[in-house]
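# Structural overview for review
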Amino acid sequence: MRLDAYETPSNFLTYLLQKLSSIRPASASLFLALALLLLPVSFSSAAELNITQNQLPVNLGPYLDYFEDPERAYTIEQMTSDSIEWQRSTQTIPTLGMSKSAHWFSIVLSGENMLDEDLVLALDSAVTDRLEFYFVNDDTVVRTSIVGDTIPMSQLDYPYRFPIVPFEIAEEGQYNKIIFRAVSSVGVEIPLTLTTVSLLAESQQSVLVFNGALITMFLLCFGITVILFGYTRDSFFFGVALFFGAGTIFMLTQTGLGRIWFWPESVSVNTKASLISATGLLASLCLIGRALQFENPYRDSINIVLRFLTYSMVPFGLYYIIVPLNQISSDNVIPLMVIGLLVALAVLIMASITAIQGSKAAIYLVTSWVLIILAYSSLLVYKFEIIERAASSPVIGQALAVAAIAFLLMAMAEFVRSKSDELIDARMETKAKGDFLRNVSREFLTPVHLILANSKRLMATQADKLDDSTRQHMTTVITQSDHLHNLINDLLEMAELESDSFEPEFELVEMSQFLGEIQNTMSPSIMEKGLQLETEFTSANLLVQTDKSRLQHILINIITNAIRFTEKGSILLSYKAIYFQRRLGIEISIEDTGRGMSEEFQQVLFREFSREEEHFEKDPQGTGLGLVIVKRMLEKLGGEITFESQKNDGSQFHIRLPLRVVKD
């Protein structure tokens with residue numbers, strides 16, 4: 001049995017006397033004498049620790065006496081009294097989990113030949129809120145030192161990424177009694193070591209290199225995924241980018257490097273940043289889960305839950321930003337940690353289903369997620385006081401994180417490769433469809449053209465010989481044939497725009513003369529409907545490098561629409577020099593006084609085959625492809641089109657082009 005299992009020598013003595021009363025008096029006297037001789041030595045070794053220079057560094061965890069203060073009400077004066085019933089720590093690293101209590105620790109140290117050593121007490125835990133060290137001599141506090149991640153760096157004796165307290169060993173034959181109090185809203189672990197500054201610096205060199213490399217890797221991966229998301233706009237890359245971004249901040253808080261580099265004087269950023277980044281990590285898990293493509297009858301329901309959790313992280317994050325630090329406790333931290341573990345397990349199951357269904361990227365993602373869950377679990381098991389924290393726990397967790405990153409990058413690479421293959425297949429399919437469409441459209445165009453031409457010739461030469469019913473049928477044939485002819489022409493243009501063979505022929509065009517030609521071309525149609533075509537050219541002799549025939553097609557298309565939907569008033573054709581895409585450009589505007597467009601139709605204006613109120617029209621009003629062709633053709637010319645419209649109040653279309661084309 002262990003002597004230090006008894007809280008005081010008197011308790012042990014009482015127990016010993018009870019045992020001795022059951023044996024003979026002579027033997028009892030002998031045992032009692034031996035016990036009295038050994039008792040001071042035994043309890044001295046239990047209560048005190050004598051250290052020599054060659055033993056450094058020394059882990060003090062197993063030698064600490066411990067007392068829990070649930071109300072955080074005890075003072076150092078009470079802790080130095082004889083009324084406190086200390087308990088001996090049974091752990092190498094005292095691990096107290098997510099506790100709202102204050103925890104007091106006590107140890108008595110003595111040493112040999114270490115008066116000239118630069119000794120320090122080092123606590124390798126960068127996320128402990130506050131530690132108050134009291135150095136006691138004859139029940140009198142002779143020195144205090146307050147450390148923790150809520151203490152500004154400028155107020156620390158040794159500004160470092162985790163708490164370091166200077167320590168002076170007493171002269172030989174004397175003792176140093178140390179009492180310290182620990183509180184933390186995110187878990188209490190006491191990996192306390194007595195060492196020297198030089199030994200500490202030597203032992204931390206490799207750890208700092210490893211932590212710095214890990215954070216650099218997170219930042220590099222964050223930059224890569226942001227670029228991929230900006231290029232693809234895929235929600236998977238957004239989730240992964242958020243994972244690496246939030247993970248970078250989380251690593252900065254857990255390693256203490258954030259305090260050194262970014263918030264050395266803050267009293268709350270380290271704790272709050274760790275919790276806010278945790279909400280970001282949880283949101284990223286939800287986004288990655290939602291981006292997985294798998295076949296399952298419960299997929300939609302799972303995605304609804306993940307979407308809800310994603311959005312719920314916003315109020316969680318705002319709460320940790322707004323709430324004072326002293327109100328953050330295990331009550332509002334543990335639920336977040338449990339939800340995080342459950343979501344990680346759910347995403348693992350979803351990724352496993354996706355992998356089973358044949359996704360190679362999901363196979364790497366499953367491996368990565370297993371490692372992430374293991375790394376997260378290695379943190380939770382001692383945060384929840386399930387097992388004692390080991391000295392190697394942070395290193396194991398970080399090593400698992402590195403392996404998880406490697407597999408996550410492999411999943412991303414496979415995801416990009418699969419998307420590239422899909423894009424190539426889609427392009428080949430589009431090309432095949434385009435070729436088919438062009439060939440079929442050309443075959444249709446000849447008979448339709450003959451039907452239209454012969455119908456018009458028949459109406460022109462035999463109109464007086466036809467009765468009213470036949471004439472009406474012929475008019476319908478001509479109208480529908482003309483509509484079909486225009487549709488086939490538009491389909492041919494669409495196929496040409498989507499093909500790789502489309503190449504604009506750029507030349508310098510003087511805009512005043514060019515728009516004058518457009519005005520002359522469209523004047524007969526405008527006059528036929530009783531409208532007026534007005535022009536307003538603010539810049540004379542403006543040369544634009546563009547494809548003249550394609551730009552002419554664009555303007556005629558828009559002006560034709562303006563004529564069709566304007567019953568009275570005028571159409572204004574104008575242009576002016578502007579600053580477009582950070583260089584000089586031109587803006588051509590077509591403004592009419594027609595019926596305008598509803599807000600609903602404006603949302604689908606550039607969608608294929610979209611026509612407003614087409615079910616109310618007796619005759620077809622265009623093919624629904626004209627503005628789609630205009631938009632895509634302008635993009636090929638390096639420009640853009642915008643519009644403004646109100647129902648029954650006309651429309652304005654604005655075409656913007658650069659003055660000069662910059663070829664890649």
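If you're wondering where the values come from, they're calculated on a predicted model, not measured in any experiment.

### Side note on the overall build of the protein
- Counting its secondary structure elements, the protein contains 16 helices and 20 strands.
- If you take every contact in the protein between residues at least 6 apart in sequence, the share linking residues at least 24 apart comes to 76%.
- Summing over all exposed atoms, the protein offers an accessible surface of approximately 34,800 Å²; the carbon and sulfur share of this is 57%.

### Quick notes on the pairing of strand β6 (residues 102–112)
- Of all the 11 residues making up β6, 10 are buried; the element is thus mostly covered by neighbouring parts of the structure.
- Relative to β6, strand β1 (residues 48–52) runs parallel, the two sharing 5 bridges. Note on β6: the bridge partner recorded for N50 is S110.
- As defined by bridge partners, β6 adjoins strand β11 (residues 176–183) across 7 bridges and the pair is classed as antiparallel. Directly across from W104, in β11, lies its bridge partner R181.

### So, the packing of aromatic side chains
- Inspection of the entire model under this criterion finds 22 aromatic pairs.
- Taken together, a centroid distance of 6.2 Å and an interplanar angle of 25° make the contact between W104 and Y134 stacked. Pair noted here: W104 is in strand β6 and Y134 is in strand β8 (residues 130–137), with a separation of 30 residues, a long-range link. Across this residue pair, the class does not change: W104 and Y134 are buried.
- Centroid distance F243 to F244: 5.5 Å. Interplanar angle 75°. Geometry classified as edge-to-face. Each member of the pair F243 and F244 is classed as buried.
- Within the aromatic cluster, the residues linked to one another by ring pairs are Y66, F105, F133 and F180.

### Section: the UniProt feature "transmembrane region" (unreviewed entry) in the protein
- This chain's UniProt record puts "transmembrane region" (unreviewed entry) on residues 208–229, 236–253, 273–292, 304–322, 334–356, 363–384 and 396–416.
- Counted over residues 273–292, helix gives 95% and strand 0%. Its end C-alpha atoms are 29 Å apart.
- Helix makes up 100% of residues 304–322 and strand 0%. Its end C-alpha atoms lie 28 Å apart.

### Quick notes on the pattern of salt bridges
- Inspection of every chain in the model, using the stated rule, returns 14 salt bridges.
- Close ionic contact of E635 with K631 constitutes a salt bridge, the shortest N to O distance being 2.7 Å. With E635 and K631 both in helix α16 (residues 626–636) and 4 residues apart, this pair spans about one turn of that helix.

### Section: the sheet that holds strand β18 (residues 583–592)
- The sheet built from 5 strands is open, its strands ordered β15-β17-β18-β20-β19 with mixed pairing. The open sheet has two free edges, formed respectively by β15 (532–537) and β19 (640–645), since each of these has just one partner strand. With strand direction ignored, the average angle separating the axes of adjacent strands in the sheet is 20°.
- With 6 bridges joining them, β15 and strand β17 (residues 570–580) adopt parallel strand pairing. Looking at β17, one finds that E534 is bridged to L572.
- Where helix α14 (residues 548–564) meets the sheet, its contacts fall on β17, β18, β19 and β20 (651–658), and the angle it forms with β18 comes to roughly 25°.
- Lying over the sheet, α16 contacts β19 and β20, oriented at roughly 140° with respect to β19.

### Description of helix α4 (residues 197–232)
- In a regular helix each residue adds 1.5 Å, so 36 residues correspond to 52 Å; α4 covers 51 Å between its end C-alpha atoms and thus fits that length.
- At Q204, α4 shows its maximal kink, close to 35°.
- Residues of α4 that are buried: L200, Q204, N211, G212, L214, I215, F218, C221 and T225.
- Downstream of α4 by a residue or two, R233 has a phi angle that is positive, lying close to 60°.

### Here we look at helix α8 (residues 299–322)
- The end-to-end C-alpha distance of α8 is 35 Å, a good match for the 34 Å that 24 residues give at a rise of 1.5 Å each.
- Regarding α8, the residues found buried are R299, N303, L306, L309, T310, S312, M313, G317 and Y320.
- Where α8 is buried, its residues touch α7 (269–291) and α9 (330–356).

### Examining the side chain of N303
- With respect to the helices, strands and loops of the structure, N303 is situated in helix α8.
- Accessibility expressed as a relative area gives 11% for N303, which makes it buried.
- Contact partners of N303, with chain neighbours within four places excluded, come to G289, R290 and M350.

Thresholds applied
Residues numbered from 1 in each chain as written. Predicted model: local features only at pLDDT ≥ 70, side-chain atom pairs only at ≥ 80, totals over all residues. Heavy atoms only, no water. Helix = DSSP H or I, 4+ residues; strand = E, 2+ residues; numbered from the N terminus. Contact = heavy atoms within 4.5 Å. Areas by Shrake-Rupley, 256 points an atom, 1.4 Å probe, with all protein chains shown as cover. Buried < 20%, exposed > 50% of the residue type's maximum accessible area, 1.4 Å probe, protein only. Pairing = 2+ DSSP bridges. Phe/Tyr/Trp six-rings, centres within 6.5 Å; stacked < 30°, edge-to-face > 60°. UniProt positions renumbered as here; feature names shortened; annotations may be inferred. Salt bridge = Lys/Arg side-chain N within 4 Å of Asp/Glu carboxyl O. Axes fitted to C-alpha atoms, helices over the stretch in contact; angles between N-to-C directions. Expected span 1.5 Å × (residues − 1). Bend = angle between axes of the 7 residues up to and from the residue.

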